[in-house]
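Working through the structure, step by step
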Amino acid sequence: MKKILITGADGFIGSHLCEVLHAKGYAIRALSFYNSFNFWGHLEHLECREDLEIVSGDLRDSFFCDSLVKGVDAVLHLGALIAIPYSYAAPQSYVDTNIQGTLNLLEAAKKHAIKRFIHTSTSEVYGSAIYTPIDEKHPLQPQSPYSASKIGADMLALSYFYSFNLPIIVARPFNAYGPRQSARAFIPAMMVQILSGARELKVGDLSTKRDLNFVRDTCEGFATLLTNGDFGEVYNIGSGVEYTMSEVLELICELSEVEVKIAQDKTRLRPKNSEVTRLLCDSSKLKSVSAWESKVSLKEGLEQTLAYVKANLNAYKTGIYNV
Ligand SMILES: NC(=O)c1ccc[n+]([C@@H]2O[C@H](COP(=O)([O-])OP(=O)(O)OC[C@H]3O[C@@H](n4cnc5c(N)ncnc54)[C@H](O)[C@@H]3O)[C@@H](O)[C@H]2O)c1
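Residues numbered from 1 in each chain as written. Predicted model: local features only at pLDDT ≥ 70, side-chain atom pairs only at ≥ 80, totals over all residues. Heavy atoms only, no water.

- The protein chain goes by NAD-dependent epimerase/dehydratase family protein in an unreviewed UniProt entry, where it is assigned to Campylobacter vulpis.

Written as structure tokens, this is what we have:
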């Protein structure tokens, strides 16, 4: 298992995954979403960039996916549209990218006899926890078009295991955070406001609870699944600890040494039945097949994230709600 294709390599988790797998000695073909600026997203600044085979293209194109997959041993499929609010406005593009895009890769993987295909799901497919911690048997509840598109993609991936014996594993990360995350996510959104001088922060719902896993821990979970786990199975990847967004914000303010006031911004609230109120991960299935565990504490992870946002503040758009 030497040559790995990583889709979504230009993004937040994918770029960290390139670094983690490069350090472990894998040869990597990294997909960057095609654009006419030849901009490679977060791949641009990676120290290992010269060692990566970077390919630009679009998951929605089946011809492109065929050539993308040819010649690799394994596929780690992370490329997707992931913002929940944007999925209310542009659901068609979520179906095209997350479902059709996944189907294109599965077909190519079948044709080229790929040895392992790790498909990336999300804890959002579970919806608001019916019980906690959430194991892989928890019902799936599509509370947003994004979640629905990921459920569709997960089921297609598993169908290729049942129908064609394709070596599929579904990795299901809970919320990841860390350096390079976009300002659509809560943690960088708060940090960007604080670092650009705001002392009255615009927030959405601070009562929601999330299982926050530092991005490097999430990536180690993916790396583990390259050599462990059974085909046709789903594996949760999360920290097993939950925080309200209010507690997270308190910790960010403490680390930033600021006191802030809170102003609820209605545009940041999700429709009532769409908001996922609670996610807490049970990773015992992954732990039963490997030595993986989540290692970085929230405080340590937030410190690293804050340092990154501070050093890259000009790369963020301040003063607007990023979706
Ligand atoms: N961030 C999280 O907390 C989290 C949690 C659970 C699951 N996930 C999943 O992890 C994966 C990566 O998420 P992320 O947070 O790094 O998001 P991201 O938006 O930073 O990365 C996704 C990448 O996919 C690429 N992409 C989108 N459409 C494409 C297309 N048509 N063709 C080629 N590339 C395309 C984008 O360029 C982007 O860089 C996604 O599948 C997401 O659903 C993320």
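Still more to cover.
1. A short note on the packing of aromatic side chains
- Under the criterion given, the structure shown has 6 aromatic pairs.
- Ring geometry for Tyr 94 against Tyr 146: centres 6.4 Å apart, planes inclined by 85°, an arrangement best described as edge-to-face. Remark: Tyr 146 occurs in helix H5 (residues 145-164) and Tyr 94 occurs in helix H4 (residues 91-111); sequence separation between them is 52 residues. In this structure, Tyr 94 and Tyr 146 share a single accessibility class: buried.
- One aromatic cluster in this structure is built from Tyr 86, Tyr 94 and Tyr 146.
- Taking the ring centre of Tyr 26 as reference, the NZ or CZ of Lys 2 above it sits at 6.0 Å.
- Positioned above the aromatic ring of Tyr 235, the side-chain terminus of Lys 285 is 5.1 Å from the ring centre. (Phe/Tyr/Trp six-rings, centres within 6.5 Å; stacked < 30°, edge-to-face > 60°. Helix = DSSP H or I, 4+ residues; strand = E, 2+ residues; numbered from the N terminus. Buried < 20%, exposed > 50% of the residue type's maximum accessible area, 1.4 Å probe, protein only. Lys NZ or Arg CZ within 6 Å of the ring centre and 35° of its normal.)

2. Notes on the site of the ligand
- What surrounds the ligand is a group of 25 residues, the closest being Asp 10, Leu 78, Tyr 146, Lys 150 and Ala 176.
- Within the backbone of Leu 59, one N or O atom sits 2.9 Å away from a nitrogen atom of the ligand.
- The side chain of Tyr 146 places a nitrogen or oxygen atom 2.7 Å from an oxygen atom of the ligand.
- A total of 820 Å² of accessible area belongs to the ligand in isolation, and the protein chains cover 90% of it. (Near = heavy atom within 4 Å. Polar contact = N/O pair within 3.5 Å; in protein donor to acceptor, adjacent residues only side chain to side chain. Areas by Shrake-Rupley, 256 points an atom, 1.4 Å probe, with all protein chains shown as cover.)

3. Here we look at the nonpolar core
- If you look at the biggest cluster of nonpolar residues, it comprises 35 residues, and the most contacted ones within it are Ile 6, Cys 18, Leu 21, Leu 43 and Leu 76.
- Counting only elements with at least two residues in this core, the list comes to strand E1 (3-7), helix H1 (12-23), strand E2 (27-33), strand E4 (74-77), strand E6 (168-173), helix H7 (215-225) and strand E11 (233-237).
- A per-element tally of this core places H1 first, with 6 residues.
- Other than its neighbours up to four places away in sequence, Leu 43 contacts Ala 9, Asp 10, Cys 18, Ala 30, Ser 32, Arg 49, Leu 52 and Ile 54. (Core = buried A, V, L, I, M, F, W, Y, C linked by side-chain atoms within 4.5 Å. Contact = heavy atoms within 4.5 Å.)

4. Observations concerning the side chain of Asp 265
- With respect to the secondary-structure elements, Asp 265 resides in the loop between strand E13 (261-264) and helix H9 (284-289).
- Residues within four places of Asp 265 in sequence aside, it is in contact with Lys 202 and Val 203.

5. A closer look at the UniProt feature "domain: NAD(P)-binding" (unreviewed entry) in the protein chain
- Sequence positions flagged by UniProt for "domain: NAD(P)-binding" (unreviewed entry) are, in local numbering, residues 5-305.
- Helix makes up 38% of residues 5-305 and strand makes up 18%, while its end C-alpha atoms are separated by 27 Å. (UniProt positions renumbered as here; feature names shortened; annotations may be inferred.)

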